[in-house]
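For reference, the chains in residue letters:
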Amino acid sequence: MNTASAQDPITRVTGAAILDNSQAPTRMLVAQRAYPKKLRGLWEFPGGKQEPGEGAEEALVRECTEELGVTVRPLDEVPAPNPEGWPLKGTAVMRVFTAVVIDEREPAAGKDHLQLRWVELNDRASILELEWIPADLPIVEALLDQLQEASPQASRRGH
Ligand SMILES: Nc1nc2c([nH]c(=O)n2[C@H]2C[C@H](O)[C@@H](COP(=O)(O)OP(=O)(O)OP(=O)(O)O)O2)c(=O)[nH]1
């Protein structure tokens, strides 16, 4: 579903909300973009554009390997307001999935990011205070709500 094609008028982006644990997550990895200039310094979900013929989860796994040097397993999608995904700037849309690292390596910032940070899911206020790419804010809020419903003790503080 929603496989990108060469003629696709929509730019399809996939983002990874990488959690420290699939069952009882306490931390999430966030990344600070290095480029382009307009986005430099803003926080985002690691990920990127789907290539032609590629599905969203497939793109997510590839991008995490390229950007962070780790293999991830996608878990659940953060439900978007429409099936194509969350609206970004212009005609771009993004689907976001929770994910966990499944190899022994630790994610590391490459050329795409200034830094990576593991943030505490129970500190909702600090997560929302990060200077996110503006389009990401509603996604972050929906994600935190979703995680709290699944595991209420994980995000109690900060309300
Ligand atoms: N990766 C990512 N991109 C986001 C987020 N929010 C958001 O608006 N975007 C935008 C920024 C970019 O315009 C676009 C994704 O492009 P990208 O530069 O990350 O993708 P890519 O790695 O495939 O890029 P490239 O090969 O064209 O350099 O989506 C987010 O949370 N994560």
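Position labels on residues start from 1 in each chain and follow its written sequence. The predicted nature of this model means local features are confined to residues of pLDDT at least 70 and side-chain atom pairs, given and counted, to a pLDDT of 80 or more, with totals for whole chains, interfaces and linings taken over all residues. Values reported for side chains reflect all heavy atoms of the structure, with hydrogen atoms and water molecules removed beforehand.

Caption draft 1: Structural context of the packing of aromatic side chains. The pairing test for Phe, Tyr and Trp rings, Trp by its six-membered ring, is centres within 6.5 Å, and the orientation test on the planes gives stacked under 30 degrees, edge-to-face over 60, and tilted for anything in between. Tallying each qualifying case throughout the model produces 1 aromatic pair. An angle of 40° between the planes, with centres 5.4 Å apart, marks the rings of Phe45 and Trp132 as tilted. Taken as a pair, Phe45 in the loop between β3 (43-44) and β4 (47-49) and Trp132 in the loop between α2 (124-129) and α3 (137-150) lie far apart in primary sequence, 87 residues in all. When its relative accessible area of 2% is taken as the criterion, Phe45 is described as buried. Starting at the N terminus, helices and strands are each numbered in turn, a helix being any DSSP run of H or I of at least four residues and a strand any DSSP run of E of at least two. Relative accessibility under 20% of the residue-type maximum defines a buried residue, over 50% an exposed one, and the middle range a partly exposed one, all with a 1.4 Å probe and only protein chains included.

Caption draft 2: Quick look at the site of the ligand. For the ligand, the set of nearby residues contains 14 residues, the closest of which are Arg33, Glu44, Phe45, Lys49 and Asp136. Between the ligand and the protein, one listed contact pairs an oxygen atom with a side-chain N or O atom of Arg33 at 3.0 Å. Polar contacts here mean pairs of N or O atoms no more than 3.5 Å apart (in protein, one a potential hydrogen donor and the other a potential acceptor; neighbouring residues in sequence count only if both atoms are side-chain atoms). One nitrogen or oxygen atom from the side chain of Asp136 is found 2.4 Å from an oxygen atom belonging to the ligand. Computed by Shrake-Rupley with a 1.4 Å probe, the accessible areas treat only the displayed protein chains as cover when residues are assessed. Relative to its unbound accessible area of 620 Å², the ligand is 73% covered by the protein chains. Those elements that provide at least two residues to the shell around the ligand are β4 and α1 (56-68). Looking at the shell around the ligand, the element that brings in the most residues is β4, giving 3 residues. Each residue gets one label: Ala, Val, Leu, Ile, Met, Phe, Trp, Tyr, Cys and Pro are nonpolar, Asp, Glu, Lys and Arg are charged, and the others, such as Gly, are polar. Of the residues in the shell around the ligand, the class split is 6 nonpolar, 2 polar and 6 charged. Each residue is tested against the molecule or strand, and it is near if at least one of its non-hydrogen atoms lies within 4 Å.

Caption draft 3: Expanded view of α1. One fewer than the residue count of a helix, multiplied by 1.5 Å, yields its expected span. If you check α1, its first and last C-alpha atoms are 17 Å apart, about what 13 residues at 1.5 Å a residue would give, namely 18 Å. Among the residues making up α1, those that are buried are Ala56, Ala59, Leu60, Arg62, Glu63, Cys64, Glu67 and Leu68. The contact criterion used is simple: two residues touch if any of their non-hydrogen atoms lie within 4.5 Å. Its buried side turned inward, α1 meets β1 (11-19), β2 (27-33), β4, β5 (72-77), β7 (92-101) and β8 (113-120). Just downstream of α1 lies Gly69, where phi reads positive at about 75°.

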